[in-house]
Amino acid sequence: MLRYTINRVLLAIPTLIGVAVLVFFLLRVVPGDIVEIKLRGDGGSVTQETIELERKRLGLDRPLVVQFGEWMVNMAKFDFGTSMWTERPVVTEIAIRLELSLQVAIMATIIAVLLAIPMGTLAALFRDTWIDYLVRVLTIGGLSIPSFWFGMLIMLALLSFFNWLPPITFTPIYVDPVANLKQLIWPALAVGYRYCAVVARMIRSSLLEVLNEDYIRTARAKGVYERLVISRHALRNALLPAITVIGLEFTFLIGGLVVTEQVFNLNGIGQLFVQSVSRNDFTLIQGMVMLIAAFYVFVNLAIDLLYAVFDPRIRYGK
């Protein structure tokens, strides 16, 4: 297991280097210039000489290879540079928003897992009964309704029935847990509903497949209690594909909640992504892409290691 983990961590290095090469050079070929947007975006009259001086100050006049080499060297020292728009360190820009996005992702994952496992299991065990039909209707609804629209319904319901809206200002959970949950529980619920629907359907289909396996019939023929057959033999194996979906969905939530953050007025990573792309803030975009890529690598590694926990047949390093 240790050898497998070390190999996977080492394999993450070329993966991240590949992402770095792609994001750096692709950003340089897309149309748009941050200096033009910054100095002439509001219709300001700025001379071409001033534009060139600003480009020189930001280091954009140097060859791309030199810029890329400097960025890679600094990144190896965990220095992601300075935002070209706000002049603040990229790490600072991301850190003040990552806390919010990460908490929403964790809360949505907890909600989804707590609901999806019993829903998917009951739907599979009581196949073609009213329980199965109810779960299928709820999960299809979750897949069909966009999270941001469900969030808007939540906001309208809170306003119409309770004449109340969540706080706008973000309060860290270690400062005031009640105020924090009052604001973030609703976006977590809106996102968690769709998340739950995906996982519940995956568990249902996997469990139905596993229940038809020979080893399940053998266990039942040997007189093993049905509860043990389901919990120890069937559900553990059926959870393997669901774990993959849970991990990928969790990573997506870190930077993919652009519209949902807009609905709930949250200043998270998704909003920062949109702002940085609209401003062509290369250094900030690069920093966020590398952050998301690192999350994907880490979560995939965690998923692979969890496989061995849920399925004893999987042994790494042999």
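For clarity, every value in this text was computed on a predicted model and none was experimentally measured. (Residues numbered from 1 in each chain as written. Predicted model: local features only at pLDDT ≥ 70, side-chain atom pairs only at ≥ 80, totals over all residues. Heavy atoms only, no water.)

1. Structural notes on the overall build of the protein
Phase 1: In terms of helices and strands, the protein carries 13 helices and zero strands.
Phase 2: The order of helices and strands in the protein, counted from the N terminus, is α-α-α-α-α-α-α-α-α-α-α-α-α.
Phase 3: A burial count over the protein gives 42% of its 318 residues as buried.
Phase 4: Contacts in the protein between residues at least 24 apart in sequence constitute 71% of all its contacts with a sequence separation of at least 6. (Helix = DSSP H or I, 4+ residues; strand = E, 2+ residues; numbered from the N terminus. Buried < 20%, exposed > 50% of the residue type's maximum accessible area, 1.4 Å probe, protein only. Contact = heavy atoms within 4.5 Å.)

2. What to know about the UniProt feature "domain: ABC transmembrane type-1" (unreviewed entry) in the protein
Phase 1: When the UniProt feature table is mapped to this numbering, "domain: ABC transmembrane type-1" (unreviewed entry) covers residues 98-307.
Phase 2: Taken end to end, residues 98-307 is 83% helix and 0% strand, and its two terminal C-alpha atoms sit 28 Å from one another. (UniProt positions renumbered as here; feature names shortened; annotations may be inferred.)

3. Thoughts on the environment of I51
Phase 1: Relative to the helices and strands, I51 resides in helix 3 (residues 48-58).
Phase 2: Residue classification places I51 among the buried positions, given a relative accessible area of 1%.
Phase 3: Sequence spacing of I51 and K38 is 13 residues, and the spatial spacing of their C-alpha atoms is 9.7 Å.
Phase 4: Those residues in contact with I51 that lie beyond four places of it in its chain are V35, E36, L39, R40 and V46.

4. Observations concerning the UniProt feature "transmembrane region" (unreviewed entry) in the protein
Phase 1: The positions UniProt marks with the feature "transmembrane region" (unreviewed entry) are residues 9-30, 104-126, 138-164, 238-264 and 284-310.
Phase 2: Overall, residues 238-264 shows 89% helix and 0% strand. The separation of its end C-alpha atoms is 35 Å.
Phase 3: A distance of 39 Å separates the end C-alpha atoms of residues 284-310, which is 100% helix and 0% strand.

5. Overview of the pattern of salt bridges
Where side chains of opposite charge bring their charged atoms close, a pairing between them can arise.
Phase 1: Enumeration over the complete set of coordinates arrives at 14 salt bridges.
Phase 2: With its nearest N and O atoms 2.5 Å apart, the salt bridge here joins R194 to E249. Pair noted here: R194 is in helix 8 (residues 177-211) and E249 is in helix 10 (residues 226-255), with a separation of 55 residues, a long-range link.
Phase 3: Among the residues examined, E249 registers a relative accessible area of 13% and is labelled buried.
Phase 4: Put simply, D214 and R217 hold a salt bridge, and the shortest N to O gap is 2.5 Å. Remark: R217 and D214 occur in helix 9 (residues 214-221); sequence separation between them is three residues, near one turn of the helix.
Phase 5: Among the charged side chains, a network of salt bridges with common partners joins K38, E54, R57 and E87. (Salt bridge = Lys/Arg side-chain N within 4 Å of Asp/Glu carboxyl O.)

6. Re helix 6 (residues 130-144)
Residues separated by three or four positions in an α-helix point in the same direction, a consequence of the helix having 3.6 residues per turn.
Phase 1: Here helix 6 is 15 residues long and its end C-alpha atoms lie 21 Å apart, about the 21 Å a rise of 1.5 Å per residue gives.
Phase 2: Those residues of helix 6 that sit buried are D132, V135, T139, G141 and G142. (Expected span 1.5 Å × (residues − 1).)

7. Looking at the nonpolar core
Phase 1: Counting residues in hydrophobic clusters, the biggest one holds 62 residues, and the most contacted among them are I94, Y195 and V199.
Phase 2: Elements with a contribution of two residues or more to this core: helix 5 (90-125), helix 7 (147-162), helix 8, helix 9, helix 10, helix 12 (269-278) and helix 13 (282-310).
Phase 3: When sequence neighbours within four positions are dropped, the list of residues in contact with I94 reads I269, L272, L284, G287, M288 and L291.
Phase 4: Membership of the second largest hydrophobic core comes to 16 residues, among which are V23, F24, L27 and L60. (Core = buried A, V, L, I, M, F, W, Y, C linked by side-chain atoms within 4.5 Å.)

8. Some points on a nonpolar patch on the surface
Phase 1: On the surface, a nonpolar cluster with roughly 680 Å² of combined accessible area is contributed by L2, I6, L10, I13, I17, V21, F25 and L64.
Phase 2: Ranked by the residues each element gives to the nonpolar patch, the list is headed by helix 1 (residues 2-29), at seven residues.
Phase 3: Inspection of the secondary structure puts I6 in helix 1.
Phase 4: For I6, a relative accessible area of 43% translates into the label partly exposed. (Patch = residues over 30% accessible without salt bridge, like charges linked within 9 Å, V, L, I, M, F, W, Y side chains within 5 Å. Areas by Shrake-Rupley, 256 points an atom, 1.4 Å probe, with all protein chains shown as cover.)

9. Here's the deal with unusual backbone geometry
Phase 1: Although it is not a glycine, F78 sits at a positive phi angle of roughly 60°.
Phase 2: Residue position: F78 is located in the loop between helix 4 (64-76) and helix 5.
Phase 3: The class for F78 is exposed, based on a relative accessible area of 68%.
Phase 4: The phi torsion at N163 lies on the positive side, around 50°, for a residue other than glycine.
Phase 5: Here N163 lies in the loop between helix 7 and helix 8.

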